[in-house]
Amino acid sequence: MTDNVQFARMNGLGNKILVVDMRGRKDRVTPAAAIALNADPATAFDQIMAIHDPKAQGTDAWIDIVNCDGSMAQACGNGTRCVVQALAAETGKKAFTFQTIAGILNATEHEDGTISVDMGKPVFAWDKIPLAEEFADTSRIELQIGPIDNPVLHSPSAMSMGNPHAVFWVDKDPMSFDLDRFGPLLENHPMFPERANITLAQVLSPSSLRTRTWERGAGLTLACGSAACAAAVSAARTGRTGRKVAIDVASAPAPAKLTIEWREHDDHVVMTGPAEWEWSGTLNPTTGNWQRDEAEAGGARAL
């Protein structure tokens, strides 16, 4: 077995992704490698999407999702779109079925280049999110930051999209909040025994939201797909919007939006948005040592 594997530096609406080709191998990207890669500004990332050989019949690949602190994530919608774009360029296929530790993900690349990912059904039961305390209604739980009589953030909607989320509703631009200060406190709050993704969401209209996210295991991120799904579902669940919304990710560097639909007929959440290839190279999945490809062909990119 050779030491190095192919990888691609990509992004999903600014969400920094490394897509690593681990097919044909038995080893995995180590936490040490992830931490080393994230420490280098050229390869700093939010998630690694490591593509492994399929484990179940009828699936195209098993995907390991690794956070920049070396921990494992259950879901990454923006990263899944990057995987689809890379594999579509390689195989010519447009529809894929992936398996992760959180279950099965189906995804499709459209003619306009956008990619839809079926993120599955949201989970609202307090012990399945999970929360440390029982709440009969998790659309509004008791949790706040700031003075008791004038909290900065309070009463979030809690749910799981394969990973735990808390969505705080704000009445002004999410960028105006000091999320890099509140984020670590809330991510690691005792209410969340498995930690949580923390999102600030502003309702712009009955069909649009503006969001910003502190991502569990990754920190202040430019975009987070599963958090956008959690915000959209929570908005519909609390009567703030309908079941299909456009998400303006406040911190994303690109003007493109995510479209999230919480389908009524099967309760599944479908996220549609872009993916972008930046450059490719090789890396050692044990150490994180890497090298960028010297020359890359134009047009579609493939691993």
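Source: prediction; values computed, not measured.

## Focus: the overall build of the chain
And step 1. Scanning the chain for helices and strands turns up 4 helices and 20 strands.
And step 2. Viewed in the frame of its principal axes, the chain has a C-alpha envelope of about 60 × 40 × 35 Å.
And step 3. Counting over 303 residues, the chain shows a buried share of 55%.
And step 4. Counting every atom, the chain has about 12700 Å² of accessible surface; 49% of that belongs to carbon and sulfur.
And step 5. When the 27 positive and 37 negative side-chain charges of the chain are each reduced to one mean point, those points stand 2 Å apart.

## Structural notes on helix 3 (residues 179-187)
And step 1. Of all the residues in helix 3, the buried ones are Leu179, Phe182, Gly183, Leu186 and Glu187. End-on, the buried residues of helix 3 take up no more than an arc of 125°, which puts them together on one face. Those residues of helix 3 that are exposed and angled more than 90 degrees off the buried face are Arg181 and Leu185.
And step 2. Turning to helix 3, the residues buried within the fold contact strand 9 (144-145), strand 10 (153-154), strand 12 (164-169), strand 13 (197-205), strand 14 (208-215) and strand 15 (219-220).

## Focus on the packing of aromatic side chains
And step 1. Taken as a whole and assessed by the stated rule, the structure comprises 5 aromatic pairs.
And step 2. With a centroid separation of 6.1 Å and 75° between ring planes, the pair formed by phenylalanine 124 and tryptophan 262 is classed as edge-to-face. Taken together, the residues phenylalanine 124 in the loop between strand 8 (115-118) and strand 9 and tryptophan 262 in strand 17 (residues 258-262) connect sequence positions 138 residues apart.
And step 3. For phenylalanine 124, a relative accessible area of 23% translates into the label partly exposed.
And step 4. Plain terms: the ring middles of tryptophan 279 and tryptophan 290 are 5.5 Å apart, the flat faces sit at 35° to each other, and that makes the pair tilted. Remark: tryptophan 290 occurs in strand 20 (residues 290-292) and tryptophan 279 occurs in strand 19 (residues 276-283); sequence separation between them is 11 residues.
And step 5. The class of tryptophan 290 is partly exposed, set by a relative accessible area of 29%.

## A closer look at the state of the cysteines
And step 1. One pass over the structure, following the stated rule, counts 0 disulfides.
And step 2. Cysteine cysteine 68 shares no disulfide, and the gap to the nearest cysteine sulfur, in cysteine 76, comes to 11 Å.
And step 3. This cysteine, cysteine 76, is not joined by any disulfide, and cysteine 224 carries the nearest cysteine sulfur, 6.7 Å off.
And step 4. Cysteine 76 sits in the buried class, given a relative accessible area of 3%.

## Let's talk about the layout of surface pockets
Any empty space left between the atoms is revealed when a probe the size of a water molecule rolls over them.
And step 1. When its volume is computed, the largest pocket comes out at roughly 160 Å³.
And step 2. Together, Gln74, Ala75, Thr100, Ala102, Gly103, Ile104, Leu105, Met119, Gly120, Lys121, Met161 and Gly162 line the largest pocket.
And step 3. With 3 residues, strand 7 (residues 103-109) is the largest single contributor of residues to the lining of the largest pocket.
And step 4. Grouping the constituent residues of the lining of the largest pocket by class yields 6 nonpolar, 5 polar and 1 charged.

## Some thoughts on the UniProt feature "active site" (unreviewed entry) in the chain
And step 1. UniProt records the feature "active site" (unreviewed entry) for Cys76 and Cys224 in the present numbering. In sequence the annotated residues extend across 149 residues, while in space they remain close, none of their C-alpha pairs exceeding 7.3 Å.
And step 2. Mapped onto the fold, cysteine 76 is located in the loop between strand 5 (72-73) and helix 2 (77-91).
And step 3. Ignoring sequence-local partners within four residues, the contact set of cysteine 76 consists of Asn15, Ile17, Gln47, Met49 and Ile65.
And step 4. Among the secondary structure elements, cysteine 224 is positioned in the loop between strand 15 and helix 4 (225-237).
And step 5. We classify cysteine 224 as buried; its relative accessible area is 5%.
And step 6. Apart from residues lying up to four places away in sequence, cysteine 224 is in contact with Asn15, Asn78, Asn197, Thr213 and Glu215.

## What about the environment of arginine 216?
And step 1. Looking at where arginine 216 falls in the secondary structure, it is placed in the loop between strand 14 and strand 15.
And step 2. Measuring from C-alpha to C-alpha, the distance between arginine 216 and proline 274 comes to 22 Å, with 58 residues separating the pair along the chain.
And step 3. Aside from chain neighbours lying at most four places away, what touches arginine 216 is Asn67, Gln74, Asn163, Pro164, Glu187, Glu194, Arg195, Ala196 and Asn197.
And step 4. Of note is the side chain of arginine 216, whose polar atom sits 2.9 Å from the backbone oxygen of glutamate 194.

## Topic: the pairing of strand 8
And step 1. Of the two faces of strand 8, both are covered, the one formed by Ile115 and Val117 as well as the one formed by Ser116 and Asp118.
And step 2. In terms of strand pairing, strand 7 meets strand 8 through 4 bridges, oriented antiparallel. Within strand 8, the residue paired with asparagine 106 across the bridge is aspartate 118.
And step 3. Two successive antiparallel strands, strand 7 and strand 8, enclose a turn made up of 5 residues, where glycine 113 displays a positive phi of approximately 90°.
And step 4. Sheet topology places strand 8 next to strand 18 (residues 269-273); 4 bridges connect them, and they run antiparallel. What sits directly across from serine 116, in strand 18, is threonine 272.

Conventions used here
- Residues numbered from 1 in each chain as written.
- Predicted model: local features only at pLDDT ≥ 70, side-chain atom pairs only at ≥ 80, totals over all residues.
- Heavy atoms only, no water.
- Helix = DSSP H or I, 4+ residues; strand = E, 2+ residues; numbered from the N terminus.
- Buried < 20%, exposed > 50% of the residue type's maximum accessible area, 1.4 Å probe, protein only.
- Areas by Shrake-Rupley, 256 points an atom, 1.4 Å probe, with all protein chains shown as cover.
- Lys, Arg positive; Asp, Glu negative; His and termini not counted.
- Charge placed at Lys NZ, Arg CZ, Asp CG, Glu CD.
- Arc of directions from axis to C-beta.
- Contact = heavy atoms within 4.5 Å.
- Phe/Tyr/Trp six-rings, centres within 6.5 Å; stacked < 30°, edge-to-face > 60°.
- Disulfide = S-S within 2.5 Å.
- 1 Å grid on protein atoms, 1.4 Å probe; cavity = no way out; pocket = protein on both sides within 12 Å on 5 of 7 lines; lining within 4 Å.
- Points joined across faces, edges and corners; volume = space filled by probe spheres on them.
- Nonpolar A, V, L, I, M, F, W, Y, C, P; charged D, E, K, R; others polar.
- UniProt positions renumbered as here; feature names shortened; annotations may be inferred.
- Polar contact = N/O pair within 3.5 Å; in protein donor to acceptor, adjacent residues only side chain to side chain.
- Pairing = 2+ DSSP bridges.

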